[in-house]
Amino acid sequence: MREGGSHGSARPGVLVPAYDESWDDILLRRLRAAARTGRTPARGPVPTLMRYDARHGTRFVATLRAWLESQGDLTAAAERLEVHPNTVRNRLRKMGEITPLDLGDARKRLALTIMLAAVEEEPGH
């Protein structure tokens, strides 16, 4: 961390995180800010699953997030969600019936991960 004062808005004596140390947090905050202003796609797998969850009380978005964060490991995703691995498998299958996911495509997984990060609630909200 470096001491503030060189970027105008920082107060002297206050430690400000260096961009190199917190680029990921800064990027995610910017993505979330864009999402709050409606500058994210209204169509696509993540918005479709969010609407489905809201209407049906399912946990498809949380399941997709857990699966992606676990790098496709059903057991690890199930542990995060506190469900059986077969539950994760069944949810993924059902999600694929609702919206095209193509989880075998690395670029699509990356796009899903980015979209999930953009719409994720800030801690404490």
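The structure reproduced in this document is the subject of the present report.

Counting its regular elements, the chain contains six helices and two strands. Start at the N end of the chain and walk to the C end: the helices and strands fall as β-β-α-α-α-α-α-α. For the chain, buried positions account for 31% of its 125 residues. Taking contacts inside the chain between residues at least 6 apart in sequence as the whole, the part at least 24 apart equals 44%.

Moving on to helix 3 (residues 60–69). Across the ten residues that make up helix 3, a large majority, eight, are buried. Listed as buried for helix 3 are Phe60, Val61, Thr63, Leu64, Arg65, Ala66, Trp67 and Leu68. The secondary structure elements touched by the buried residues of helix 3 are helix 2 (45–56), helix 4 (74–81), helix 5 (85–98) and helix 6 (106–119). Following helix 3 by one or two positions, Gln71 has its phi on the positive side, about 55°.

If you trace the backbone, Thr99 turns up in the loop between helix 5 and helix 6. Those residues in contact with Thr99, other than ones at most four positions away along the chain, are Gly44, Pro45, Thr48 and Leu49.

Once that is clear, we can look at the pattern of salt bridges. As enumerated under the stated definition, the model contains four salt bridges in all. Here Glu69 ties to Arg80 by a salt bridge, and the two come within 2.5 Å at their closest N and O atoms. A residue pair is termed long-range when its members are at least 10 positions apart, and Glu69 in helix 3 and Arg80 in helix 4 qualify at eleven residues. Residue classification places Glu69 among the partly exposed positions, given a relative accessible area of 43%.

Conventions and cut-offs
- Residues numbered from 1 in each chain as written.
- Predicted model: local features only at pLDDT ≥ 70, side-chain atom pairs only at ≥ 80, totals over all residues.
- Heavy atoms only, no water.
- Helix = DSSP H or I, 4+ residues; strand = E, 2+ residues; numbered from the N terminus.
- Buried < 20%, exposed > 50% of the residue type's maximum accessible area, 1.4 Å probe, protein only.
- Contact = heavy atoms within 4.5 Å.
- Salt bridge = Lys/Arg side-chain N within 4 Å of Asp/Glu carboxyl O.

Without other data, these values stay purely geometric and don't point to any function.
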